[in-house]
Every structure is written in C-alpha cells, then in structure tokens.
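# Observations on chain architecture
Each chain is listed here by its residues.
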Amino acid sequence: MADEQRGEAVQPSKLTRYSLAMVGGAGMTLMILGASVGVIFGAALDAQSTHSLGLLLLVGMLLLALAIGFWLGWVRPFERFDDINVPAEPEQH
C-alpha cells in the first residue's frame, strides 16, 4: 500500500512471474510438438489428425499470447525501464 502511495508500482511475486513463464513455455512446447509431428508424419496423416495438429498449434499460440498479455499487464515493463542517459549509481562492495 505504501509503495502505491509513493507512486511506485507493486511488482508481482516471483512465483507469479515464474508461473507466467511456465504457461508461455508450455505454449511454445505445444507449438513445437505440433509442428514437429506435422513435418515428420505430414503426408501420412488423415484429416482428423491434421485437424488435431492444427488445434494443438492453436492452443499453443493462445497459451503463449495469454502468458505474454498477462505478463505485460502485471509486470508493466513499459513503465519501469532503465534510462541509458542516466548513469547508474556506483556499487559499494
């Protein structure tokens, strides 16, 4: 609450970001798996299998798009970015 009053956005937990990465990775995996099966067995597939592979690719794309959309909505990287013109503070170790 105090961070929101000072104008700083509260970032989501690491578990939330990790979960979004896992959902996006699952979508990528489904797309790669569907494309690989389509390339390997493409000529031998019947119409039902072709539709199943298309559905697998579509579900993978939707999972990836949802993960990216939720990540943009929660993390909001476009509001907090590093300005290259401002030098970083020296680290004192």
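About the thresholds
- Residues numbered from 1 in each chain as written.
- Predicted model: local features only at pLDDT ≥ 70, side-chain atom pairs only at ≥ 80, totals over all residues.
- Heavy atoms only, no water.
- Helix = DSSP H or I, 4+ residues; strand = E, 2+ residues; numbered from the N terminus.
- Buried < 20%, exposed > 50% of the residue type's maximum accessible area, 1.4 Å probe, protein only.
- Contact = heavy atoms within 4.5 Å.
- Salt bridge = Lys/Arg side-chain N within 4 Å of Asp/Glu carboxyl O.
- Expected span 1.5 Å × (residues − 1).
- Phe/Tyr/Trp six-rings, centres within 6.5 Å; stacked < 30°, edge-to-face > 60°.

### Overview of the overall build of the protein
- Regarding its fold elements, the protein presents three helices and zero strands.
- In the protein, the order of α-helices and β-strands from amino to carboxyl end is α-α-α.
- Within the span of the protein, comprising 93 residues, buried residues form 11% of the whole.
- Long-range pairs, those at least 24 residues apart, make up 69% of the contacts in the protein with a sequence separation of at least 6.

### Things to note about the pattern of salt bridges
- Under the defined criterion, the tally for this structure stands at one salt bridge.
- Among the salt bridges present, the one from Glu79 reaches Arg76, with a minimum N-O distance of 2.8 Å.

### Looking at helix H3 (residues 47-75)
- Over its 29 residues, H3 runs 42 Å from end to end, which matches the ideal 42 Å to within 8%, given 1.5 Å per residue.
- Within two residues after H3, Arg76 carries a phi angle of roughly 50°, on the positive side.

### Quick notes on the packing of aromatic side chains
- Inspection of every chain in the model, using the stated rule, returns one aromatic pair.
- Centre to centre, the rings of Phe70 and Trp74 are 5.6 Å apart; their planes meet at 35°, and the pair counts as tilted. Of this pair, Phe70 and Trp74 both sit in helix H3, separated by four residues, roughly a single helical turn.
- Assessed through its relative accessible area of 43%, Phe70 is described here as partly exposed.
- What makes Trp74 partly exposed here is its relative accessible area of 44%.

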